[in-house]
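Chain by chain, the residues:
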Amino acid sequence: MTSATRTQVGIIGGGPSGLLLSQLLQLRGIDTVVLERRSRDYVLGRIRAGVLEHGFAELMREAQVGERMDREGQIHEGVYIAYDGRRERIDLHALTGKTVMVYGQTELTRDLYEGRDRLGGKVIHEAEDVRPQDLNSSHPYITYRDGSGPHRIDCDYVVGCDGFHGVSRQSIPKDKIQTFEKIFPFGWLGVLSRTPPVSSELIYANHERGFALCSLRSATLSRYYIQVPLSDTVQEWSDELFFEELKRRLPEEVASSMVTGVSIEKSIAPLRSFAVEPMRYGNLFLAGDAAHIVPPTGAKGLNTAASDIYYLYHALVDHYARGNDRGLESYSSRALARVWKGQRFSWWMTKLLHRFPDDSPYDRRLQQTELAYLFSSERALASLAENYVGLPF
Ligand SMILES: Cc1cc2nc3c(=O)[nH]c(=O)nc-3n(C[C@H](O)[C@H](O)[C@H](O)COP(=O)(O)OP(=O)(O)OC[C@H]3O[C@@H](n4cnc5c(N)ncnc54)[C@H](O)[C@@H]3O)c2cc1C
């Protein structure tokens, strides 16, 4: 027999978006249930984003889960772009008065789970066959199964925070949403290694052999990436080959000081831009990767998820505490206005820094000119910097 419960906001997906929203709402007295398909260990095993905008860090503090981030995260005031054998620093702080926080998504998710535990938040793991239902009615509900049988959760609202492959977006009739998509003809091969980072600030490299990125998670944990063809597999890339190729794509002074080591994680991520409009269908709201994804070049994926959560959190508080639905009605258009700016910046950074297989000599000259212009104009640098540290919510 199906067991039935009730909550105010049913959240599908226990990644950063779903956890952050449920934590913020519970602190304002709004009841939520989070349904996650995977185990907690599985979610915490994912190695993903690492650069948090100022606004995201603020939201973590508001959710009372920012303490460890403030203690262990690193404030970065600048980033480097390497091209033509040299390395140029972009002083984010001098250009914008703001900084970014380097703190891994894995750590941030752990903090959110601990925050949920502290408040006694309800997060159901290994929920199978999760399905949002009756979304266009005033009584939507979610069904799922676990080891004890089938369940039903009645809600006022359903929020789809279940990532790109989740069920929420797929529950919207095709003729009610429009999708926008661009697939890039390459991927990023990423390696996490327990070695001191080659640079205390990120280095983005444009090189004739392809893009490279030197990133980090802490003073002892490095995250490096190289652009690879989509046909490559992880098995073809030994650690030795990876570091050899990475070094070739970096200026000599950087490559010669790099400490290499054994990888503790290695994966290839395809690069894709994707967005749906609107981000609402009846009483279902989409947030984070469920509604949009970007290539990671501008570090905007997780940060754009955070602005969705910010808008939705305030809209739901206005609804429950003040009976004001304006925020819910304008959620999709407000969120999308910022989503598209994140899409634009991620596309622009990707175009600036990668080698596209079909680029003509003309395209290549334009890319070189774009880089030359960037480093000759304080205003061009300021534009990059204000997007990188994060546009206001
Ligand atoms: C390999 C990779 C590398 C990345 N690197 C970067 C980076 O360097 N910088 C950056 O800014 N961003 C990066 N991103 C993007 C960033 O990680 C995402 O934007 C972020 O995880 C979005 O959070 P989310 O909670 O919206 O979605 P997710 O983190 O995808 O969480 C969705 C959750 O929903 C669960 N779920 C899915 N389907 C169901 C279902 N049917 N029922 C119940 N639960 C379900 C999933 O198990 C998952 O836990 C990367 C993404 C990937 C995949």
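Structure first, text after, so check above.
Residues numbered from 1 in each chain as written. Predicted model: local features only at pLDDT ≥ 70, side-chain atom pairs only at ≥ 80, totals over all residues. Heavy atoms only, no water.

Trainee: Any chance you could explain the nonpolar core here in plain terms?
Mentor: Generally speaking, nonpolar side chains in soluble globular proteins are found buried as a group. Grouped together as the largest cluster of nonpolar side chains are 67 residues, with contacts concentrated most on Leu20 and Leu312. The biggest single contributor to this core is helix α9 (residues 301-322), with nine residues. Aside from chain neighbours lying at most four places away, what touches leucine 20 is Phe56, Leu59, Met60, Ala63, Leu112 and Ile309. Counting 34 residues, the second largest nonpolar core, distinct from the first, contains Val102, Trp188, Tyr204 and Leu381. (Core = buried A, V, L, I, M, F, W, Y, C linked by side-chain atoms within 4.5 Å. Buried < 20%, exposed > 50% of the residue type's maximum accessible area, 1.4 Å probe, protein only. Helix = DSSP H or I, 4+ residues; strand = E, 2+ residues; numbered from the N terminus. Contact = heavy atoms within 4.5 Å.)

Trainee: Explain the sheet that holds strand β5 (residues 74-76) here, please?
Mentor: The strands making up a sheet associate through hydrogen bonds between their backbones, and the pairing can be parallel or antiparallel. Taken together, three strands build an open sheet; the order of strands is β4-β8-β5 and the sheet is antiparallel. On the outer flanks of this sheet lie β4 (51-52) and β5, each paired with one strand and no other. (Pairing = 2+ DSSP bridges.)

Trainee: Looking at this structure, how should I read the pattern of salt bridges?
Mentor: It is possible for side chains bearing opposite charge to pair when their charged atoms get close. If you walk through the whole model with that rule in mind, you get 26 salt bridges. The closest approach of N and O atoms between glutamate 244 and arginine 248, which form a salt bridge, is 3.8 Å. You can see glutamate 244 and its partner arginine 248 sitting in helix α7 (residues 239-248), four residues apart, about one turn around the helix. Glutamate 244 sits in the partly exposed class, given a relative accessible area of 39%. Residue classification places arginine 248 among the partly exposed positions, given a relative accessible area of 41%. The shortest N-O distance in the salt bridge between arginine 248 and glutamate 245 comes to 2.8 Å. With arginine 248 and glutamate 245 both in helix α7, this residue pair falls three residues apart, about one helical turn. With a relative accessible area of 6%, glutamate 245 lands in the buried category. Here the residues in one salt-bridge network are Glu67, Arg68, Arg71, Glu72, Glu107 and Asp111, joined through shared partners. (Salt bridge = Lys/Arg side-chain N within 4 Å of Asp/Glu carboxyl O.)

Trainee: Looking at this model, I keep getting lost on the site of the ligand. Mind explaining?
Mentor: Near the ligand lie 28 residues; those nearest to it are Ser17, Glu36, Arg46, Gln105 and Asp289. The separation between an oxygen atom of the ligand and a polar side-chain atom of glutamate 36 is 2.6 Å. Here the shell around the ligand is composed, by residue class, of twelve nonpolar, eight polar and eight charged. (Near = heavy atom within 4 Å. Polar contact = N/O pair within 3.5 Å; in protein donor to acceptor, adjacent residues only side chain to side chain. Nonpolar A, V, L, I, M, F, W, Y, C, P; charged D, E, K, R; others polar.)

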